[in-house]
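Tertiary structure, described
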Amino acid sequence: MRPTRRTTISVSALLLASLAWASAPASAVEPASGVTDLVKDIDQILSDARLTPARAGVVVKSAASGEELYAQDSGKVLTPASNAKLVTSAAAVDTLGLDFRFTTSVLSTGRRAGSALTGNLYLKGTGDPTLLAADYDALAARVAASGIKVVTGKLVADDTWFDSVRLGTDWAWDDEPYYYSAQISALTASPDTDYDAGSVVVSVAPGDAAGKPAKVSTTPETDYLKIVNRATTGAETDVLIERQHSTNTVLITGTVADDYNEWVTVDDPTGYVASLFRKALAKHGVRVLGSTAREATPAGATTVAARDSMPLSELLVPFMKLSNNMHAEILTKSIGRKVSGAGTWSAGLAAITSFAQANGMPTLRMRDGSGLSRVDGLTPGGLTGLLLALRSKPWFSTWYGSLPIAGDPDRMVGGTLRSRMRGTPAAGNVHAKTGSLTGVTSLSGYVTSADNEPLVFSVMLNQFLSGSAKDIEDKIAIRLAQFSRTAPADVANVQLRQAQQDSADVECSWLKPVSC
């Protein structure tokens, strides 16, 4: 049975209609201009057979007046997928500030005797997801430049800025090998400037001849992962690269005809970073005689080198454009550390919830910061309420600029909407956050109507059984771009390319080896 729909028009429109009904014959009564057509068209879009067993929540409001133009199940709690990042990112900017930066430090204890440090060398992290192997190398170079050549003590990795809980409570165990479900640590590293913290790129290339072993390399080069290569050179590329559960063993099977890359998570990012840094120190002529250990840096330790990340204002772009789950979780723990002194999910989520409830979203359940949890719950009415409230924030323009833009092919502009709504009135117009899990899709954000009226909207579709329903979101967004209070738009004109309708039901950012 389909969900009950409740269509709404403004109170003022109802009053005008009542007055007109009282003062004019029935034949002279006109329907509410534009809005009635919009309601009818969205109803028609939502009559799609794929939604018959599903749940659909849709809300559209005027950003200028707050008037509700359309609502279906406005207050129903639905699984948001990555629409949860709208809440997390806004709370992060409001709590931490646009100038917030992560700091990674190298500190020492003990005495200096010439080029020898008679004590421990500490690497202390605060969660920076933008650190590459090259950045750890640069820190090691600065240690060497300080005159230290020998460390008689230990190399100590200090990841105590966050707690030791690495994975979200509700995350699926079989997602563990994949970069969108990487472990969270205050010491982590990314393989490239997408900044997928806690992952390594494993590359497979054809061997010397058919049937010969494939060639395997990693970015960055590391022996922290144990590669078991059973892939061979073949006529087609049909290869599986998978880290074995709870280990750092990566098994590669299948055949390879062309170069292929996979982003693979590491087990224990802290240990991975410590291995990168120890090797970088050795490369720059710094010998650490002791073992690698983990503990908090003592008070009074001396700073040898430090690196600050880009500000949050810049990090928002890869975070939101590419829907980076790890950025969301790292920022969640950073919020907790700032507000409560505890770098935990519980502290961060409590602060995020308080922010949301104070800014137009009374009902929500946040179990993580990214939306990877299927226990997360938001309402379409709450999302539009938040989107309205954020417009008055002093940092809104920077945050708004981080949202994906429909149909823009530039990866760092269009983001996860770069392949959608091209050649339609929504292209270059819709600024919105996508969300995808199996059987879940969502799209919430901003669009300007044909009358140049700013609108906010939220479309949340849950529990459809197969395929993709993103074209339904796109049709609604396109219809909103066509909306006029005075001129009707025929829903028959809302068209999408078949290739877009048949797109996989996942984020573009979940398909890194694929151009989507």
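Before reading on, note that the structure itself is shown above.
Owing to the predicted nature of the structure, the values given are computational and were not obtained by experimental measurement.

1. What about the sheet that holds strand β15 (residues 260-265)?
- Strand order in the open sheet formed by three strands is β10-β9-β15, with antiparallel pairing between adjacent strands. Each having just a single partner strand, β10 (215-219) and β15 make up the two edges of the open sheet. Each strand of the sheet is rotated relative to its neighbour by a mean of 25°, with strand direction disregarded.
- The sheet contact formed by strand β9 (residues 199-205) and β15 spans six bridges and is antiparallel. Residue pairing for β15: valine 204 is matched across the bridge by tyrosine 260.

2. Quick word on the environment of glycine 336
- Considering the arrangement of structural elements, one finds glycine 336 in helix α7 (residues 325-340).
- Leave out the neighbours within four places in its chain, and glycine 336 touches Gly341, Ala342, Ala347 and Gly348.

3. Re the pattern of salt bridges
- One pass over the structure, following the stated rule, counts 20 salt bridges.
- With a closest N to O distance of 3.4 Å, arginine 243 and glutamate 176 form a salt bridge. Here arginine 243 is found in strand β13 (residues 238-243), whereas its partner glutamate 176 is found in the loop between β8 (155-158) and β9, with 67 residues between them in sequence. Like arginine 243, the residue glutamate 176 is buried in the burial classification.
- A salt bridge links arginine 485 to glutamate 453; the shortest N-O distance between them is 2.9 Å. With arginine 485 in the loop between α12 (470-482) and α13 (498-501) and glutamate 453 in the loop between β22 (440-448) and β23 (454-462), the pair connects residues that are 32 residues apart, well separated along the chain.
- Each member of the salt-bridge network shares a partner with another, and the members are Asp48, Arg50, Asp471 and Lys475.

What counts, and at which threshold
- Residues numbered from 1 in each chain as written.
- Predicted model: local features only at pLDDT ≥ 70, side-chain atom pairs only at ≥ 80, totals over all residues.
- Heavy atoms only, no water.
- Pairing = 2+ DSSP bridges.
- Helix = DSSP H or I, 4+ residues; strand = E, 2+ residues; numbered from the N terminus.
- Axes fitted to C-alpha atoms, helices over the stretch in contact; angles between N-to-C directions.
- Contact = heavy atoms within 4.5 Å.
- Salt bridge = Lys/Arg side-chain N within 4 Å of Asp/Glu carboxyl O.
- Buried < 20%, exposed > 50% of the residue type's maximum accessible area, 1.4 Å probe, protein only.

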